[in-house]
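# Notes for the structure review
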Amino acid sequence: MSDVAIVGGGIIGLSVALRLVQRGADVTVLDGGDEGAWQVAAGMLAPGGESEHEDPALIRLMERSAELWPGFAAELGVEVGYDDTGTLSLATTADDVAERRRVWARQQLPLLRPSELRALEPALSPRVRAGVFAPRERQVDPRRVVGALRERLSDRIVPKRVESLSDVDARTVVVAAGCGTAALTGLPVRPVKGQVLRLRGEPGLLRHVLDAAVDGREVYVVPRADGEVVVGATQEERTDRLVTAGGVADLLRAAIDLVPGLAELELAETTVGHRPGTPDNAPLLGRLDDRVVVAAGHFRNGILLAPVTADLVAGLVLTGEADPALADFSPRRF
Ligand code: GLY
């Protein structure tokens, strides 16, 4: 019997495992090999851009985790694509500008004119009407992060699909099973489908992460140093795994309207993931009962929230004391 079993081998389960191992716990990660949102995620670390509908406690948690990311990335000891160039949040039509203004005002960032935006990012279309530069909104490559975590924790990971928590032989069980958390715990975690594309070309077309409203469509464009460009994402209350013609067309239309040069790139991957949503779309972090702790339901922010989740959940498991930052995220709040 191990001290702690973590159900779920995605970015949340592995990050919690890393912190527990570092603090001397006997940890096993049970990895069912299920789809995880990290497999398709672009890796935007965007506490401002992703905060439009969020409550203040969640925004504080997101900001705290964004602060932790540079150290977390460095500590993994290999290149994980952490890039602090920053994000341009952009709008094309007058309606798009109106839609973005609230987030921009909350971020207290100065509005930039199209010429100023194109000076920062020459590949932008002349259609861009306004935007802001958010230097603290950054990116990391989730596939590299999970690869690095798996490498570090290779002696702790057991390939095993858990159907019932009663089958898990450990004093404490941390459920970090993303959308699978619902079946294991009965908690209200629902899959929210996202279609995500990967384009490939020569590096250098773009420097910044772009997060835009284009003709009423939300799109983000995340350039990696090696020439990959991630374009995302649809947000659909659906459980299927279909890449649809309409989903791909909408994403490509918006992305190419924003950056015409993207039309020349190879369409290298079309993928579908499911974000683990909750009724208030805030995560479930904390104790469910004497044996079970939950770290799930991170919705659009699983990558951003991994470091803070790891610290808070490992602290709870090891000390039995809940950090005050966990108060608003109890898995028993519904
Ligand atoms: N974090 C971006 C998304 O969920 O699409």
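In the block above lies the structure referred to throughout.
A brief look at the structure comes next.

The rules behind each value
- Residues numbered from 1 in each chain as written.
- Predicted model: local features only at pLDDT ≥ 70, side-chain atom pairs only at ≥ 80, totals over all residues.
- Heavy atoms only, no water.
- Helix = DSSP H or I, 4+ residues; strand = E, 2+ residues; numbered from the N terminus.
- Expected span 1.5 Å × (residues − 1).
- Bend = angle between axes of the 7 residues up to and from the residue.
- Buried < 20%, exposed > 50% of the residue type's maximum accessible area, 1.4 Å probe, protein only.
- Contact = heavy atoms within 4.5 Å.
- Polar contact = N/O pair within 3.5 Å; in protein donor to acceptor, adjacent residues only side chain to side chain.
- Pairing = 2+ DSSP bridges.
- Axes fitted to C-alpha atoms, helices over the stretch in contact; angles between N-to-C directions.
- Near = heavy atom within 4 Å.
- Areas by Shrake-Rupley, 256 points an atom, 1.4 Å probe, with all protein chains shown as cover.
- Core = buried A, V, L, I, M, F, W, Y, C linked by side-chain atoms within 4.5 Å.

## Regarding helix α2 (residues 56-75)
One full turn of an α-helix is made of 3.6 residues, so residues set three or four places apart face in the same direction. The first and last C-alpha atoms of α2 sit 29 Å apart over 20 residues, in line with the 28 Å expected at 1.5 Å per residue. The sharpest bend along α2 measures roughly 40° and falls at Trp69, with the proline Pro70 sitting one to four residues further on. If you check which residues of α2 are buried, you get Ala57, Leu58, Ile59, Leu61, Met62, Ser65, Ala66, Trp69, Phe72 and Ala73. Tucked into the core, α2 has its buried residues touching α1 (11-22), β3 (44-45), α3 (94-107), α5 (142-152), β14 (284-287) and α8 (302-319). For α2, the capping residue at the N-terminal end is Asp55, with a side-chain oxygen 3.0 Å from the backbone nitrogen of Ala57. Once α2 finishes, Gly77 follows within two positions and takes phi at roughly 80°, a positive value.

## Side note on the sheet that holds strand β15 (residues 292-296)
Read across the sheet, six strands follow the order β7-β2-β1-β8-β15-β14 without closing on themselves; strand pairing throughout is mixed. Bordering the open sheet on either side are β7 (157-159) and β14, each of which pairs with just one other strand. When strand polarity is set aside, the average angle formed by the axes of neighbouring strands in this sheet is 25°. Sheet topology places β14 next to β15; four bridges connect them, and they run antiparallel. Counterpart to Gly286 in the pairing with β15 is Val294. Sitting on the sheet, α8 is in contact with β1 (2-7), β8 (170-175), β14 and β15, with an inclination near 175° to β15.

## So, the side chain of Gln139
Within the fold, Gln139 resides in strand β6 (residues 138-139). For Gln139, a relative accessible area of 3% gives the class buried. A polar side-chain atom of Gln139 sits 2.7 Å from the main-chain carbonyl oxygen of Pro223.

## Some thoughts on the site of the ligand
All residues in the neighbourhood of the ligand are listed as Glu50, Tyr220, Ala233, Arg275 and Arg300. A distance of 2.5 Å separates an oxygen atom of the ligand from a polar atom in the side chain of Tyr220. In the model, a nitrogen atom of the ligand is placed 2.7 Å from a nitrogen or oxygen of the Arg300 main chain. In isolation the ligand offers 200 Å² of accessible surface; the protein chains occlude 85% of this area.

## Overview of the nonpolar core
Counting residues in each nonpolar core, the largest one holds 49 residues, and the members touching the most others are Ile6, Ile11, Leu20 and Trp69. Counting only elements with at least two residues in this core, the list comes to β1, α1, β2 (27-31), α2, α5, β15 and α8. Take this core: its biggest share by element is ten residues, from α8. Counting residues in hydrophobic clusters, the runner-up holds 25 residues, among them Leu90, Leu210, Val214 and Leu265.

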